[in-house]
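Residue-level structural notes
One letter stands for each residue in the lines below.
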Amino acid sequence: MPEKAIITCALTGVLTDPRSHPVPVTPAELAASAREAWEAGAVCMHVHFRQQGAGRGHLPSWDPALAVEVAAAIREACSGVILNFTTGVVGRDQSGPIACLRAGRPEIAACNAGSLNYLKTRADGGWAWPPMLFDNPVEKVAEIVAVMAETGTKPEFECFDTGIVRSVGMFAEAGMVAAPQVNFVMGVASGMPADPDLLPLLLKYRPEDCPWQATVIGRAEVWDLHRKAAELGGHLRTGLEDTFYLPHGARARGNGDLVAALAAVAREAGRSVASAAEARILWGLA
């Protein structure tokens, strides 16, 4: 029988403004949204932290006290949930993510495994935002991985292109990490496209026997890639960080809608949805 599918919900992300989109920001909002996702089938919650207070919810926060408060609220709302903290920052200073890891001690955390020119153009040819480098050199990766080892946190290596996928194998060969797992991030305009035909090639270049999932960013077209990931045996992720749109183009009311749709995709591919206990075994957390 095919392996069960673990569903992760990316609750809110780092960029979306809550003044114009229904993304959760406060600990109570994050816990309530996580509960909706949990009831729909997600057992892992990928968490970004936002500044609190009127007019500040669109800004990231690395306050470790807030990380602890959010983690406690989600754990209370979803008994047995797996938490996955973000750690991504532009620049070499990772003191904020490190403080949040040490305070919150999640079971998993995202580890951006290589650098990317983070670009997007508008229809008129102008830049959607000033071109920027999302810089993740090896020494930065090694530093955050070492902290994860200290906190008992498994790194989930975020891979934005095929070279980064191959780099994760080199991290293992160099002794930086044992038994890595990878997340193919697809749909960023200057990274790997959300192309179902690309996915089998990526599997060829991941470390041997490496658990994997696909993060798919975009609109309704992302669902074809979710289906391909489910068919190929990958674990699955959705949430308001990645999309606002359901398979037929309607806007989701919240994370619960997106997770319910993704669980249906898994079942259509002949996969049942893993419980949190089963996910811990599949990911080597138990």
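The structure this text deals with has already been given above.
Rules and cut-offs
- Residues numbered from 1 in each chain as written.
- Predicted model: local features only at pLDDT ≥ 70, side-chain atom pairs only at ≥ 80, totals over all residues.
- Heavy atoms only, no water.
- 1 Å grid on protein atoms, 1.4 Å probe; cavity = no way out; pocket = protein on both sides within 12 Å on 5 of 7 lines; lining within 4 Å.
- Points joined across faces, edges and corners; volume = space filled by probe spheres on them.
- Helix = DSSP H or I, 4+ residues; strand = E, 2+ residues; numbered from the N terminus.
- Salt bridge = Lys/Arg side-chain N within 4 Å of Asp/Glu carboxyl O.
- Buried < 20%, exposed > 50% of the residue type's maximum accessible area, 1.4 Å probe, protein only.
- Pairing = 2+ DSSP bridges.
- Axes fitted to C-alpha atoms, helices over the stretch in contact; angles between N-to-C directions.
- Phe/Tyr/Trp six-rings, centres within 6.5 Å; stacked < 30°, edge-to-face > 60°.
- Contact = heavy atoms within 4.5 Å.
- Parallel < 35°, antiparallel > 145°, perpendicular 65-115°, else oblique.
- Left-handed = near helix turned anticlockwise from the far one by under 90°.

Topic: the layout of surface pockets
What the largest pocket holds in volume is close to 1300 Å³. Of all the elements in the fold, those that place two or more residues in the lining of the largest pocket are strand S4 (108–112) and strand S6 (132–134).

Comments concerning the pattern of salt bridges
By the definition in use, this model includes 10 salt bridges. Note that Glu-150 is salt-bridged to Arg-102, the shortest N-O span being 2.9 Å. On the criterion of sequence distance, the pair formed by Glu-150 in helix H4 (residues 138–151) and Arg-102 in helix H3 (residues 95–104) is long-range, its members being 48 residues apart. You can call Glu-150 partly exposed: its relative accessible area is 44%. Put simply, Arg-253 and Asp-257 hold a salt bridge, and the shortest N to O gap is 2.8 Å. A single salt-bridge network, built from bridges that share partners, covers Arg-237, Glu-241 and Asp-242.

Observations regarding empty space enclosed by the protein
One pass over the full model with this rule turns up one cavity of 30 Å³ or more. Of the pockets and cavities examined, the largest cavity occupies roughly 40 Å³. Lining the largest cavity are Thr-87, Gly-88, Val-89, Gln-94, Cys-111, Asn-112, Asn-136, Lys-140, Val-141 and Ile-144. Counting residues per element, the ones that place at least two in the lining of the largest cavity are S4 and H4. The dominant element in the lining of the largest cavity, judged by the number of residues it contributes, is H4, at three residues.

Structural notes on the sheet that holds strand S8 (residues 181–186)
The sheet built from eight strands closes into a barrel, its strands ordered S1-S2-S3-S4-S7-S8-S9-S10 with parallel pairing. Averaged over neighbouring strand pairs, the angle between their axes works out to 25° when direction is ignored. Strand direction decides the pairing type here: strand S1 (residues 7–10) and strand S2 (residues 44–47), joined by three bridges, are parallel. For Cys-9, the partnering residue across the bridge sits in S2 and is Met-45.

Examining the packing of aromatic side chains
Enumeration according to the criterion identifies five aromatic pairs in this entry. When the ring of Phe-157 is compared with that of Phe-171, the centres are 5.9 Å apart and the planes differ by 50°; the resulting orientation is tilted. On the criterion of sequence distance, the pair formed by Phe-157 in strand S7 (residues 154–159) and Phe-171 in helix H5 (residues 162–173) is long-range, its members being 14 residues apart. Across the pair, Phe-171 and Phe-157 agree in class, each one buried. Here Phe-184 and Trp-212 contribute two aromatic rings whose centre-to-centre distance is 5.6 Å and whose plane-to-plane angle is 40°, an arrangement assigned as tilted. One end of the pair, Phe-184, is in strand S8; the other, Trp-212, is in strand S9 (residues 212–216), with 28 residues separating them in the sequence. Accessibility assignment for this pair places Phe-184 and Trp-212 in one class, buried.

Quick look at H3
Buried within H3 are the following residues: Gly-96, Pro-97, Ile-98, Cys-100, Leu-101 and Gly-104. Packed against the buried residues of H3 are helix H2 (64–77), strand S3 (82–85), S4 and H4. Directly beyond the C-terminal end of H3, a positive phi value near 50° is found at Arg-105.

Digging into the packing of helix H1 (residues 27–40) against helix H8 (residues 255–268)
H8 packs onto H1 with a crossing angle of 20° between their chain directions and a minimal axis gap of 8 Å. The angle between H1 and H8 falls in the class roughly parallel. Crossing geometry of H1 relative to H8 is assigned as right-handed. Of the residues in H8, those in contact with Ser-33, Glu-36, Ala-37 and Ala-40 of H1 are Asn-255, Gly-256, Val-259, Ala-260 and Ala-263.

Let's talk about the environment of His-46
Among the secondary structure elements, His-46 is positioned in strand S2. Taking relative accessible area as the criterion, His-46 reaches 3% and is therefore assigned buried. Once the C-alpha coordinates of His-46 and Thr-12 are considered, the two residues, 34 residues apart in sequence, prove to be 8.4 Å apart. When neighbours within four sequence positions are excluded, His-46 is seen to be in contact with Thr-8, Cys-9, Ala-10, Leu-11, Asn-84, Phe-85, Thr-86, Ala-110, Arg-237 and Glu-241.

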